[in-house]
Protein chains: 2
Amino acid sequence: MTYETALTALAEPTRRALFERLRRREHSVGELAALARISQPAVSQHLRSLRRARLVTHRQVGTRRYYRADRQGLDELRSYLESMWDDVLIAFAAADPAPPKPRKTK
Amino acid sequence: MTYETALTALAEPTRRALFERLRRREHSVGELAALARISQPAVSQHLRSLRRARLVTHRQVGTRRYYRADRQGLDELRSYLESMWDDVLIAFAAADPAPPKPRKTK
DNA sequence: TGCTTATATAAGCCATGACTTATGAAACGG
DNA sequence: CCGTTTCATAAGTCATGGCTTATATAAGCA
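Below you will find a few notes about this structure. Here the structure is a predicted model, which is why all the values come from computation and not from measurement. Numbers given to residues run from 1 along each chain, matching the order in which its sequence is written. Think of it this way: whatever chain is written first is A, whatever ligand is written first is 1, and the rest follow in order. Only residues with pLDDT of at least 70 are given local features in this predicted model, and only at 80 or more are side-chain atom pairs given and counted; all residues enter the totals for whole chains, interfaces and linings. Remark: hydrogens and water are excluded; side-chain values derive from all non-hydrogen atoms of the structure.

## Brief notes about the packing of aromatic side chains
Here is the rule: rings of Phe, Tyr and Trp (six-membered ring for Trp) pair when centre to centre is within 6.5 Å. Planes less than 30 degrees apart are stacked, more than 60 are edge-to-face, and the remainder are tilted. Summed over all chains, the structure comprises two aromatic pairs over all chains. Where Y3(A) meets Y80(A), the ring centres are 4.0 Å apart and the plane angle is 15°; that geometry is what we call stacked. Placement of Y3(A) in helix α1 (residues 2–11) and of Y80(A) in helix α5 (residues 71–95) is noted, with a sequence separation of 77 residues between them. Looking at Y80(A), the relative accessible area reads 7%, which means it is buried. In our convention, an over-ring charge means Lys NZ or Arg CZ found within 6 Å of a ring centre and within 35 degrees of that ring's normal. Here the basic side chain of R78(B) rests over the ring of W85(A), its NZ or CZ set 4.3 Å away from the ring centre. Numbering of helices and strands starts at the N terminus; helices are DSSP runs of H or I of at least 4 residues and strands are runs of E of at least 2. For every residue, the accessible area (1.4 Å probe, protein chains only) is compared with the maximum for its type, and the residue is labelled buried under 20%, exposed over 50%, or partly exposed between those bounds.

## Examining unusual backbone geometry
The phi dihedral of R54(A) falls on the positive side, at around 60°, and the residue is not glycine. Here R54(A) is to be found in the loop between α4 (40–52) and β2 (56–61).

## Some points on the sheet that holds strand β1 (residues 27–28) of chain A
All names here are of chain A. A pair of strands counts as paired when DSSP detects no fewer than two bridges linking them. An order of β1-β3-β2 is seen for the three strands of this open sheet, with the pairing classed as antiparallel. Of all the strands in the sheet, just β1 and β2 have a single pairing partner and so form its edges. Sheet analysis places β1 next to strand β3 (residues 64–69), joined by two bridges and oriented antiparallel. The partner of H27 across the bridge, within β3, is Y67. For this analysis, residues touch if any pair of their heavy atoms sits within 4.5 Å. To obtain each axis, a line is fitted to C-alpha atoms, and for helices this fit is confined to the stretch in contact; angles are then taken between N-to-C directions over 0 to 180 degrees. Of the strands in this sheet, β2 and β3 are in contact with α4, which crosses β2 at around 120°.

Pasting the structure below:
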């Protein structure tokens, strides 16, 4: 059920940009806020959303919190898409041989 | 670049429900509108969004339009997530051996 | 203990987008 | 042709959510 949260989290462009920045290495909130063009609170709000989706985790060092990408949310999203993909393939295989015929208006 | 459109298209619950219904077999707009609890125009608007994201295609039979899932948009989204996944794994492998140390406040 | 730094939360504003009803456009049937 | 069916588009309403500024929390340092 987390894949829904992950989908909506990654759909937002600014939030996706944050996540893409975290996918390689961890960043503190301040670093992220400095790079993005939005305020620090806005960044924190996005991070909360990403946290809930299990797309990021953080660890605390002094007053700073270092965020990094988390596999969980990404993996749930991935497996959701896999199942969609499989169904679509099966549907194609089943439908192609015999395309449905026009029907009379009831 | 289409993966962005696909993400925002699938993020919306009603639209995702429509797509999930189409993943197995095709449906006419009327069928979809009858099953969903929203008006037919609302369904058409969602279908337009899914079309732009290459998540569905349609064929016309008389006055009806039968929609089915399309592989393109789904595949673009899938490969986007794959690349994210790969980066995250690499970052984990690189970071785990030597977790960054606390730094003094500048 | 107070001052500073770093981040989170609160409250309010405003644009986006998901819905509605009304209408237009196309194809079929009589 | 003309009415009916099916779908798309238009226009307008309203809620959601992403942003802002202001403030709370909390840790380090003198």
